[in-house]
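Summary of structural features
Residues per chain, in single letters:
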Amino acid sequence: MLSDTPGVHHVSGMVGDAQRNVDFYAGALGLRFLVRTVNFQDKFSYHLYYGDRAGTPGTVLTSFVYPGQVPGRDGKPAISAAHLAVPAGSLDWWAARLDARDVETGPRETRLGEDALTVFDPAGTRLELVEREVGIGSEPFTERVPENRAVRGITGVSVRSASPYVTASLLETLGFEHAGEEGERVRYRADERDTAVDLLTGEADYGREGTGSIHHLALSVGSVDELEKWRDLLDERGFDVSRVKDRHFFHSLYVRDAGGVLFELTTEKPGLGIDPEGRPGDELFLPPWFEEDREMIEPQLPPLEAP
């Protein structure tokens, strides 16, 4: 079913420091600061969005800011890394740029025919810059990074599951197909947006969710009606699935398999509504149901300077 829809929509992580988050994603990685808003379930904490110039689905990374949260610990079950596409031949340039900014990087490796550079954001979230010629991110943001180096979008994630076979079953239900294996990496792919979810099957201790953790991977569906159908199907198949929720920019539901991994299904409309010009992250956006509380909310959020 999802094979007929556009694939990855966004990836969301958990961080502790809003300013360092902006400095890294909008500064070091050169993404556009798309939206400065609040967590719709906690109006006194930031939710920050980054992506290409237009906020195209498939390019968007978001960060929930929880200053008092304990640091996460890598392990299972978890989304252990987000994969970001960069142009072929650009990893040396990225390694030099990030080193000059004192960004922590890890090993560079080739897996399943792709060259990748591991990068850690200030919260410890693992990202992998992957050289891949992809069409997503058709409007790369080029104010701080040249077009022939700019991040093109999200190609997928790596996952450690407490029950890999169960997580594989959910991926197949969502329209992914087995696409290859190498070492502990088993790849499932959806054709649209060339979205890849890599199941890591090696031994791992149990981890802990906290700052530095990736909270979920969101996949696109076409409409709220389709979301309701997905909810019924996933519930019938025994997955832990939420009700459909209004997130203002889209409607969504969450599904967690028995392996402990959280996915979101998200409509593409109405979308982020980003003006292609200007500095959209400069001002605090509040959904209509919070707007009347703006004078109470804004003073309780830390000051934040956009690049």
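The paragraphs below set out a description of the structure included in this document. (Residues numbered from 1 in each chain as written. Predicted model: local features only at pLDDT ≥ 70, side-chain atom pairs only at ≥ 80, totals over all residues. Heavy atoms only, no water.)

**So, the packing of aromatic side chains**
Using the criterion set out here, one finds 11 aromatic pairs in the structure. Taking 4.8 Å as the distance between ring centres and 90° as the angle between the ring planes, the aromatic pair formed by Phe 24 and Tyr 25 counts as edge-to-face. Side by side, Phe 24 and Tyr 25 carry an identical accessibility label, which is buried. A ring pair is formed by Tyr 25 and Tyr 50, whose centres lie 5.3 Å apart and whose planes are at 25°; its orientation type is stacked. Here Tyr 25, found in helix α1 (residues 18-28), pairs with Tyr 50, found in strand β3 (residues 42-51); they are 25 residues apart in sequence, far enough to count as distant. Accessibility expressed as a relative area gives 0% for Tyr 50, which makes it buried. Within the aromatic cluster, the residues linked to one another by ring pairs are Phe 40, Tyr 49, Phe 249, Phe 285, Trp 289 and Phe 290. For Lys 76, the ring lying beneath its charged end belongs to Tyr 206, and the centroid distance is 4.9 Å. (Phe/Tyr/Trp six-rings, centres within 6.5 Å; stacked < 30°, edge-to-face > 60°. Buried < 20%, exposed > 50% of the residue type's maximum accessible area, 1.4 Å probe, protein only. Helix = DSSP H or I, 4+ residues; strand = E, 2+ residues; numbered from the N terminus. Lys NZ or Arg CZ within 6 Å of the ring centre and 35° of its normal.)

**Details of the environment of Arg 189**
You can see Arg 189 is positioned in strand β11 (residues 185-190). Residue class for Arg 189 comes out partly exposed when judged on its relative accessible area of 23%. For the pair formed by Arg 189 and Phe 239, sequence separation is 50 residues and the distance between their alpha carbons is 21 Å. Beyond its immediate sequence surroundings of up to four residues, Arg 189 is in contact with Glu 114, Arg 132, Gly 175, Phe 176, Glu 177, Ala 179, Asp 194, Thr 195 and Ala 196. A distance of 2.7 Å separates a polar atom in the side chain of Arg 189 from a polar atom in the side chain of Asp 194. (Contact = heavy atoms within 4.5 Å. Polar contact = N/O pair within 3.5 Å; in protein donor to acceptor, adjacent residues only side chain to side chain.)

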